[in-house]
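Structural features, examined
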Amino acid sequence: MSSTAGQVIKCRAAVSWEAGKPLVIEEVEVAPPKAMEVRLKILYTSLCHTDVYFWEAKGQTPVFPRIFGHEAGGIVESVGEGVTDLAPGDHVLPIFTGECRECAHCKSEDSNMCDLLRINTDRGVMISDGQSRFSINGKPIYHFLGTSTFSEYTVLHVGCVAKINPAAPLDKVCVISCGISTGYGATVNVARPPKGSTVAVFGLGAVGLAAAEGARASGASRIIGVDLNPKRFEEAKKFGVTEFVNPADHKKPVQEVLAEMTNGGVDRSVECTGNINAMISAFECVHDGWGVAVLVGVPHKDAEFKTHPVNFLNERTLKGTFFGNYKPRTDIPGVVEKYMNKELELDKFITHSVPFSEINKAFDLMLKGESLRCIIRMDG
Ligand code: NAD
Ligand code: ZN
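Residues numbered from 1 in each chain as written. Chains lettered and ligands numbered in written order. Predicted model: local features only at pLDDT ≥ 70, side-chain atom pairs only at ≥ 80, totals over all residues. Heavy atoms only, no water.

Some points on the overall build of the chain
- Of regular secondary structure, the chain possesses eleven helices and 17 strands.
- The C-alpha atoms of the chain give 20 Å as radius of gyration, which agrees with the globular expectation for 380 residues (21 Å, within 12%).
- Seen through its C-alpha atoms, the chain measures out along the principal axes to roughly 65 × 40 × 40 Å.
- Within the chain, buried positions represent 56% of all 380 residues.
- Across the chain, every contact between residues at least 6 apart in sequence was considered, and the portion connecting residues at least 24 apart equals 70%.
- By element, 51% of the accessible surface of the chain is carried by carbon and sulfur atoms, the whole surface being about 15,400 Å². (Helix = DSSP H or I, 4+ residues; strand = E, 2+ residues; numbered from the N terminus. Rg over C-alpha atoms; globule rule 2.2 N^0.38 Å. Buried < 20%, exposed > 50% of the residue type's maximum accessible area, 1.4 Å probe, protein only. Contact = heavy atoms within 4.5 Å. Areas by Shrake-Rupley, 256 points an atom, 1.4 Å probe, with all protein chains shown as cover.)

Now the structure itself:
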């Protein structure tokens, strides 16, 4: 056991005190893990747009003060009672949606929506006792997505931790812990484009570009990228995107533009923007008879999806997914192996890197649409 096991650890964490205000590096106390929990030392974390939405709290429930962060890599520091499949020193990826391995979802081959540990964006406490493991002078600081990786140490339920190959570089594979698996899995596990098909990807951030990679791996012959940010188009060529559409360049709705380009509609579409209008376009642009659209973006809490029912009668399918339908503990070690075997490239998703002390720069880069993934180095 490590010398810190069972003790409160004092460490640095980036605390978000108020919606939209820069994070502040504070000394926090991190309580030891309780039963079925583990405490991790985070080495690298990155920023996903989901962190930014809940930090801005414009279209999401405000829960503050909070420690954000869910895409990361680290090492197990200590484990709580009852934890048998993880030990101090294990290399792991924290995952924002868990796998208890006992509920009907975990036992189903089709679902990753674990009854106990599925994503919950509004809960700021641990499931076992409704308490936070973080505090400053005795005042609790809330968790985010059960992961809170913008802290040198954090506590998770064991079901939200994937044990990976210790030879995998954590500064790279940390992006598998959310964005890359989400986008890639949305295509290969959910949209499942047949070989030779045409796939539209809405939103060319890291999640959308991973969806494009999934389309290329599936043998799609045309991959059409849709984004409002023209800077994204040059970069997207590296991810197999063959054509580009900027909705701002057209007077007619983008679904009509796509239908004209593809003789009636694309075979598959994957939406990775979080914008409700893009979600509707992504559905309406698929071909009648066989088209499948997959929603991935996290919508505004009051968003409503509106389309004419005849779009369904005409044999189009609409689906959605969290985490690309991967089961975190069972499937993610294999996604890491894909990187190790050079079947999945990660480096091109990592456009920036900053020390932890400059974490707010990662937010600026994402808000300006300049970064795909910015790695935050916890030792800096
Ligand atoms: P990002 O900000 O890097 O990329 C989003 C892209 O969408 C940007 O390039 C932006 O210009 C583009 N965009 C925004 N509105 C658009 C519109 N109306 N039409 C076309 N393009 C538009 O974000 P990201 O980190 O890649 O995340 C993408 C989305 O996926 C976010 O909504 C995020 O919350 C969500 N997400 C979902 C899951 C899940 O499990 N379902 C997991 C991770 C992220
Ligand atoms: Zn994410």
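A look at the side chain of serine 177
- Along the chain, the position of serine 177 falls in the loop between helix H3 (170-173) and helix H4 (179-191).
- Of the polar contacts made by the side chain of serine 177, one reaches the backbone oxygen of proline 94; its length is 3.1 Å.
- Setting aside chain neighbours within four positions, we find serine 177 in contact with His70, Glu71, Ala72, Leu93, Pro94, Ile95, Phe96 and Phe323. (Polar contact = N/O pair within 3.5 Å; in protein donor to acceptor, adjacent residues only side chain to side chain.)

Some remarks on the UniProt feature "domain: Alcohol dehydrogenase-like N-terminal" (unreviewed entry) in the chain
- When the UniProt feature table is mapped onto this chain, "domain: Alcohol dehydrogenase-like N-terminal" (unreviewed entry) is found at residues 36-164.
- Between the C-alpha atoms that bound residues 36-164 there is a distance of 19 Å. The span itself is 9% helix and 29% strand. (UniProt positions renumbered as here; feature names shortened; annotations may be inferred.)

Considering the coordination of the zinc ion (ligand 2)
- Taken together, the protein ligands of the zinc ion (ligand 2) are Cys48 (SG), His70 (NE2) and Cys178 (SG), with distances of 2.0 to 2.3 Å.
- In primary-sequence terms, the residues that donate to the zinc ion (ligand 2) follow C-x21-H-x107-C. Residue cysteine 48 is found in the loop between strand S3 (37-46) and helix H1 (49-56), and its partner cysteine 178 is found in the loop between H3 and H4; the two are separated by 130 residues along the sequence.
- Its relative accessible area of 4% is what places cysteine 48 among the buried residues. (Donors = N, O, S within 2.8 Å, 3.2 Å for Na, K, Ca; no water.)

Examining the environment of lysine 338
- Secondary-structure assignment places lysine 338 in helix H10 (residues 328-340).
- Apart from residues no more than four positions distant in its own chain, lysine 338 is found in contact with Tyr184, Glu343 and Leu344.

Observations concerning the UniProt feature "domain: Alcohol dehydrogenase-like C-terminal" (unreviewed entry) in the chain
- Annotation from UniProt places "domain: Alcohol dehydrogenase-like C-terminal" (unreviewed entry) at residues 206-337.
- Regarding residues 206-337, the helix share stands at 37% and the strand share at 15%, and the terminal C-alpha atoms are separated by 20 Å.

Re the site of ligand 1
- What surrounds ligand 1 is a group of 30 residues, the closest being His49, Thr50, Asp227, Arg232 and Phe323.
- Alanine 206 places a polar main-chain atom, nitrogen or oxygen, 3.3 Å from an oxygen atom of ligand 1.
- One of the side-chain N or O atoms of aspartate 227 is found 2.6 Å from an oxygen atom in ligand 1.
- When ligand 1 is considered free in solution it has 860 Å² of accessible area, and contact with the protein chains removes 91% of it.
- In terms of residue count, the dominant contributor to the shell around ligand 1 is H1 (three residues). (Near = heavy atom within 4 Å.)

Quick look at the sheet that holds strand S2 (residues 24-30)
- On the basis of which strands lie adjacent, the open sheet formed by four strands has the order S1-S2-S6-S7 and antiparallel pairing. Sheet topology places strand S1 (9-15) and strand S7 (139-141) at the edges, where each strand pairs with a single neighbour. Strand-to-strand twist in this sheet, taken as the mean axis angle between neighbours without regard to direction, amounts to 50°. (Pairing = 2+ DSSP bridges. Axes fitted to C-alpha atoms, helices over the stretch in contact; angles between N-to-C directions.)

Things to note about the pattern of salt bridges
- Summed over all chains, the structure comprises 24 salt bridges.
- Among the ionic pairs, glutamate 152 bridges to arginine 12, the shortest N-O distance being 3.3 Å. One end of the pair, glutamate 152, is in the loop between S7 and strand S8 (153-157); the other, arginine 12, is in strand S1, with 140 residues separating them in the sequence.
- Looking at glutamate 152, the relative accessible area reads 18%, which means it is buried.
- Linked by salt bridges that have partners in common, Lys34, Glu37, Asp129 and Arg133 make up one network. (Salt bridge = Lys/Arg side-chain N within 4 Å of Asp/Glu carboxyl O.)

With respect to the packing of aromatic side chains
- Using the criterion set out here, one finds eleven aromatic pairs in the structure.
- Measuring from centroid to centroid gives 5.4 Å for phenylalanine 96 and phenylalanine 323, while their planes differ by 80°, and the two rings are edge-to-face. A residue pair is termed long-range when its members are at least 10 positions apart, and phenylalanine 96 in the loop between strand S5 (91-94) and helix H2 (104-107) and phenylalanine 323 in the loop between strand S15 (317-320) and H10 qualify at 227 residues. There is no split in this pair, since phenylalanine 96 and phenylalanine 323 are both buried.
- Every member of this aromatic cluster is reached through a ring pair, and the members are Phe54, Phe64, Phe68 and Phe144.
- Stacked on the ring of phenylalanine 239, the Lys or Arg lysine 348 has its end atom at 4.7 Å from the ring centre. (Phe/Tyr/Trp six-rings, centres within 6.5 Å; stacked < 30°, edge-to-face > 60°. Lys NZ or Arg CZ within 6 Å of the ring centre and 35° of its normal.)

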